[in-house]
Amino acid sequence: MAELKAVPKDLLKSGAFLDDCDPDDLVYFLLNVGDGDAQVLLLPEDSPGKRQAVVVDVAKSSKTLDLFKTLAAGEKPLLPDRPDLIPLVVASHPHEDHIAGIPKLLKEKAPEEIWEPGYYYPGAGFFSMMQAIEAAKIRHLQPTSGLVRFIGPVKITVLSPGISLRNRFDSYGIDTNNSSIALKVEYPMNRYVERNGDRSAVKLPRPVRLLLGADAQTLSWAQVQIDFPQLEANGSAVAEALQKANGVDPLKADLFKIAHHGSKHGISLELIELAKPSLSLVSSDLAGSRYGFPHLVALEQIREALEATTTSGKKHSDDWELGLHYTCGVDTAKAELGSIAVVLSKTGRKKSIWRFGDSPSQSLDLSGARRFA
Amino acid sequence: MPQRILYGPPLPPRAAEPRRPWGKGYIFKEDISDRDYVVVEEVADEYVGIAVSPWPRVCEDGGLDFGDEEDRRPALVDRTSFQRRLADRRVVAYEMPAGAEEALRARPLASGDVFAIETKLPKGREDLRDEKAGWIKGTVVDVTAMARDAAKASMLAALSGTPMSVDEATALSESHPEPPAEPPPQA
């Protein structure tokens, strides 16, 4: 089991979380549910004071539903309730620690659409989720890599499962984790202007980008690297004149929700080198983890990919300096750090990290928010 | 009754009936409805992650009801002793071709296996590795095949709406007869 260094408590300052969230910001929550995933992505406001939310996995319904209640409360709520509050729920794969709470969410929040990988699985959570989908009359997709959905200016791309994995579900050796729907979220993607009655696309710097890794393992990531290759710019005069072959780095990310709770099978050095995220977030339990997540060998790979020291022999910087944060982290006063929220502006210049001090069994309380310096 | 039809006409109202345990008296060779439903979630190194829930009940539309999420619990158990117990005391819950049962008994544990087990799970503990096979009381009934079938049906019900009638399924099956097991003799 890895040992995590306590974060100096002076690096965390109490503050007003809601005041930090501007109308144009994306707000990403990684809730502390122990070894499990529960993520909520608040989209930028689509009308004054109103947003929608995308939900990715619900390990425990109470934790996610309580977050919605909290965000809808107060004089100027960040996420007021509305009939079309949730345009999309993603059930990344059918393990209990990702989908156990989805049936209740479907019942109480009536989302518009659900994605799940189509890996039929004889677990209790899978049966309950299917019953709930059947009852809810909800649009239902089983996506593979490359599927894209825009929700306003936010673009969501399915990175995995690749179709060759999908075609081997589950009878031919594809582990349930490798059925995971991993996602890329990009913002802003409404990259065009209207001027004098004409529309034209605009070339802008790379958008803010989040990779949400679910529990995809190395086989799945290998397929992702084939499906989403990094391509260099052509560089020829003709290519530049025609704005063609400008180069793509499709896995480069600002934020990476590390796959499979920091399991040794969930990442590779090369993947993190490609993503080079400024924030790497791990959802795990550490002391209470049944599987000993996060695994030391996985963390060492992340650290090495973010700050190569093999040749120099230097020690790695501390995790928080590398942008590596854990839901199970503690500070030097031994206070739990708990759920994580990241507020991202559309320029990518603002990336505030907030911690809420909740344990896996507690609800998130905004009044306990501390901002990471 | 919740709206459940995506395509086609609405289903006729169903007569309310008491929920019965899944499989009792018509799928499995013995009554296992007082056991727990144990799914192998992960096989990790020397350990096996399992999800334990009460035995499912059958809803009035034929789907399986596992109760609330709070009724389920995860656990981590020792792989070797679990595997050994399976080799010694795995009971296959249904009729199988000759020889298959023995092979099934020896098969290694895999993610997605499902067993009916009378469990002894200490309250509040998830890590049961030190218990060896002490968390298993008696035999282990392998219900993997039926559970997989039920899961597939559950997914198809959610996706495709109204079920086929038995007559329709029979007619379609008869229009696509199984090929003969042996090639016909050459003239």
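A few points on the structure. (Residues numbered from 1 in each chain as written. Chains lettered and ligands numbered in written order. Predicted model: local features only at pLDDT ≥ 70, side-chain atom pairs only at ≥ 80, totals over all residues. Heavy atoms only, no water.)

### Some remarks on the nonpolar core
Counting 72 residues, the largest nonpolar core has F17 and F29 of chain A together with W22 of chain B as its most contacted members. Ranked by residues supplied to this core, first place goes to helix α5 (residues 124-136) of chain A with seven residues. The residues touching W22 of chain B, leaving out its near neighbours within four places in the chain, are I27, F28, Y37, W55, P56, R57, V58, L64, M146, A147 and A150 of chain B. Ranked by size, the runner-up nonpolar core spans 33 residues in total, among them V54, W320, L337 and F372 of chain A. (Core = buried A, V, L, I, M, F, W, Y, C linked by side-chain atoms within 4.5 Å. Buried < 20%, exposed > 50% of the residue type's maximum accessible area, 1.4 Å probe, protein only. Helix = DSSP H or I, 4+ residues; strand = E, 2+ residues; numbered from the N terminus. Contact = heavy atoms within 4.5 Å.)

### Let's talk about the packing of helix α2 (residues 61-72) of chain A against helix α4 (residues 102-109) of chain A
Residues and elements named next belong to chain A. The contact between α2 and α4 brings their axes to 8 Å, and the two run at 30°. When the axes of α2 and α4 are compared, the pair comes out roughly parallel. Crossing angle aside, the handedness with which α2 passes α4 is right-handed. Seen from α2, the contacting residues are S61, T64, L65 and F68; seen from α4, they are K104, L105, E108 and K109. Residue classes in the contact of α2 with α4 are distributed as three nonpolar, two polar and three charged. (Axes fitted to C-alpha atoms, helices over the stretch in contact; angles between N-to-C directions. Parallel < 35°, antiparallel > 145°, perpendicular 65-115°, else oblique. Left-handed = near helix turned anticlockwise from the far one by under 90°. Nonpolar A, V, L, I, M, F, W, Y, C, P; charged D, E, K, R; others polar.)

### Describing empty space enclosed by the protein
Picture a little ball the size of a water molecule; that probe, rolled over the atoms, points out where space is still empty. Under the definition given, this model contains two cavities of 30 Å³ or more. Estimated volume of the largest cavity: approximately 80 Å³. Taken together, D35, H95, D97, D215, H260, H261, R290, Y291 and F293 of chain A together with E41 and E42 of chain B make up the lining of the largest cavity. Of the residues contributing to the lining of the largest cavity, the split by class is two nonpolar, three polar and six charged. Estimates place the volume of the second largest cavity at around 30 Å³. Looking at the second largest cavity, the residues that line it are L41, V54, V56, L88, V90, I156, L183, V185 and L212 of chain A. Within the residue set of the lining of the second largest cavity, elements represented by two or more residues are β4 (53-58), β5 (88-90) and β10 (182-187) of chain A. The class makeup of the residues in the lining of the second largest cavity is nine nonpolar, no polar and no charged. (1 Å grid on protein atoms, 1.4 Å probe; cavity = no way out; pocket = protein on both sides within 12 Å on 5 of 7 lines; lining within 4 Å. Points joined across faces, edges and corners; volume = space filled by probe spheres on them.)

### A short note on the side chain of H140 of chain A
Note that H140 of chain A resides in strand β7 (residues 139-141). Within the structure, the side chain of H140 of chain A is placed 2.6 Å from the side chain of E116 of chain A, a separation counted as a polar contact. Apart from the residues lying within four places of it in its own chain, the contact partners of H140 of chain A are I114, E116, M130 and I133 of chain A together with L159 of chain B. (Polar contact = N/O pair within 3.5 Å; in protein donor to acceptor, adjacent residues only side chain to side chain.)

### What to know about unusual backbone geometry
All names here are of chain A. Cis peptide bonds are those with omega within 30 degrees of zero, and the linkage from S160 to P161 qualifies with 5°. By secondary structure assignment, the location of P161 is in the loop between β9 (154-160) and α6 (163-166). Of note, the phi angle at K276 is positive, near 40°, even though the residue is not glycine. You can see K276 is positioned in the loop between α9 (269-275) and β15 (279-282). Under the relative-accessibility criterion, K276 is labelled partly exposed at 38%.

### Thoughts on the interface of chain B and chain A
Each partner contributes residues to the interface: chain B has 41 residues there, and chain A has 36 residues. Buried surface at the junction of chain B and chain A, both sides included, amounts to about 3200 Å², of which 54% is carbon and sulfur. Along the contact surface separating chain B from chain A lie three salt bridges. Between R290 of chain A and E126 of chain B there is a salt bridge, and its shortest N-O distance comes to 3.3 Å. (Buried area = accessible area lost by both parts, 1.4 Å probe. Salt bridge = Lys/Arg side-chain N within 4 Å of Asp/Glu carboxyl O.)

### Digging into the environment of L296 of chain A
Residue and element names in this part refer to chain A. For L296, the location among the structural elements is in helix α10 (residues 296-306). A residue is classified by how much of its surface remains accessible, and L296, at 46% relative accessible area, is partly exposed. For L296 and S317, which are 21 residues apart along the polypeptide, the C-alpha to C-alpha distance reads 15 Å. Dropping the residues within four chain positions of it, L296 is found in contact with A2 and R303.

### Digging into the pattern of salt bridges
Any two side chains of opposite charge can pair if their charged atoms end up close together. The full count for this structure, using the stated rule, is 35 salt bridges over all chains. Of the charged contacts, one joins D37 of chain A and K257 of chain A as a salt bridge, the two residues approaching to 2.6 Å between their closest N and O atoms. Placement of the pair is D37 of chain A in the loop between β2 (26-30) and β3 (38-42) and K257 of chain A in strand β14 (residues 255-257), with a sequence separation of 220 residues. Its relative accessible area of 0% is what places D37 of chain A among the buried residues. Residues D45 of chain B and K264 of chain A are paired through a salt bridge, measuring 3.1 Å at the closest nitrogen-oxygen approach. In this pair, D45 of chain B sits in the loop between β2 (36-44) and β3 (47-54) while K264 of chain A sits in the loop between β14 and α9, so the two residues belong to two different chains. The network of salt bridges with common partners includes D20, D22, D25, K350 and R371 of chain A.

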